[in-house]
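# Structural description and commentary
Residues per chain are reported as follows:
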Amino acid sequence: CSLPIYLQHLCCQQFSCSSSLHEGYDEPEILLNQIVKSVPKALTLDRVRLGIVCLMSSVTATIMGIALGSVSSARAAVPLAQLIYLPMAYLGGLWMPPMFLPKGIAEVSVWVPTRAMGELGWAAVNGAPWEPRFLLVLLLWTAAAAVMAGIAQKFDSMRSLISKASVR
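Here the structure is a predicted model, which means the values were calculated and not measured. (Residues numbered from 1 in each chain as written. Predicted model: local features only at pLDDT ≥ 70, side-chain atom pairs only at ≥ 80, totals over all residues. Heavy atoms only, no water.)

## Overview of the overall build of the chain
Secondary structure summary: the chain contains seven helices and zero strands in total. Mapped from its N terminus to its C terminus, the chain presents α and β elements in the order α-α-α-α-α-α-α. By the burial criterion, 26% of the 168 residues in the chain qualify as buried. Excluding contacts between residues fewer than 6 apart, the proportion of contacts in the chain whose partners are at least 24 apart in sequence is 54%. (Helix = DSSP H or I, 4+ residues; strand = E, 2+ residues; numbered from the N terminus. Buried < 20%, exposed > 50% of the residue type's maximum accessible area, 1.4 Å probe, protein only. Contact = heavy atoms within 4.5 Å.)

Structure below.
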């Protein structure tokens, strides 16, 4: 079977994984429908909670991006974002499951917003309750980024006023 391992156990129990998974099905939509129906009952999807997680995560990421753009020049923003967000993605367990992270990194991992976003999302997908500590981590990062963006915007507006006053 050429499917990734995590998909093999979901669909290959119902279908035989021959060289062509869609053998016997005329339309790809029928195959997709059958694969979706074969997802185990234990995996529940609370769409409202998942939507809330996506909204909270996008607000946090947007405010962090505004803060980053406010404290750096337009030219430095992209490299600076790469230097911040790529390690943050690794620390948050987005490239590998957090349980496989080295011990020291796993201890730091619970304090980054990407880990909080992932944990809250997985809890929603699995029908598990949200852990309050991850909600708190996401809230704290959002608040810190908002404060940093606000201060940077304030300094930028003061700098603009000073430069306009010096031109006169």
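There is more to say, and it comes next.
## So, the environment of Glu-107
Topologically, Glu-107 is positioned in helix 5 (residues 103-109). Owing to a relative accessible area of 49%, Glu-107 belongs among the partly exposed residues under this scheme. Taking the C-alpha atoms as reference, Glu-107 lies 9.5 Å from Leu-91; in sequence the two are 16 residues apart.

## Side note on the side chain of Ser-109
Within the element layout of this structure, Ser-109 appears in helix 5. Residue class for Ser-109 comes out buried when judged on its relative accessible area of 0%. Setting aside anything within four residues of it in sequence, one finds Ser-109 in contact with Leu-91, Gly-92, Leu-101 and Arg-115.

## Focus: the packing of helix 3 (residues 47-71) against helix 6 (residues 113-126)
Between helix 3 and helix 6, the least distance of the axes is 8 Å, while the angle of their chain directions is 170°. On the basis of the axis angle, helix 3 is roughly antiparallel to helix 6. On the side of helix 3, the interface is formed by Arg-49, Leu-50, Val-53, Met-56, Ser-57, Thr-60, Ala-61 and Met-64, while helix 6 contributes Pro-113, Met-117, Leu-120, Gly-121, Ala-123, Ala-124 and Val-125. For the contact of helix 3 with helix 6, a count of residues per class yields 11 nonpolar, three polar and one charged. (Axes fitted to C-alpha atoms, helices over the stretch in contact; angles between N-to-C directions. Parallel < 35°, antiparallel > 145°, perpendicular 65-115°, else oblique. Nonpolar A, V, L, I, M, F, W, Y, C, P; charged D, E, K, R; others polar.)

## A look at helix 3
Given a rise of 1.5 Å per residue, 25 residues ought to cover 36 Å, and the 36 Å separating the end C-alpha atoms of helix 3 matches this to within 8%. Those residues of helix 3 lying buried are Arg-49, Val-53, Ser-57, Thr-60, Met-64, Ala-67, Leu-68 and Ser-70. (Expected span 1.5 Å × (residues − 1).)

## A short note on the nonpolar core
By size, the foremost hydrophobic cluster in this structure holds eight residues: Val-53, Val-110, Ala-116, Met-117, Leu-120, Phe-134, Val-137 and Leu-138. Among the elements of the structure, helix 6 and helix 7 (132-167) are those that each provide at least two residues to this core. Look past the residues within four positions of Phe-134 in its chain and what remains in contact with it is Val-110, Arg-115, Ala-116, Glu-119 and Leu-120. (Core = buried A, V, L, I, M, F, W, Y, C linked by side-chain atoms within 4.5 Å.)

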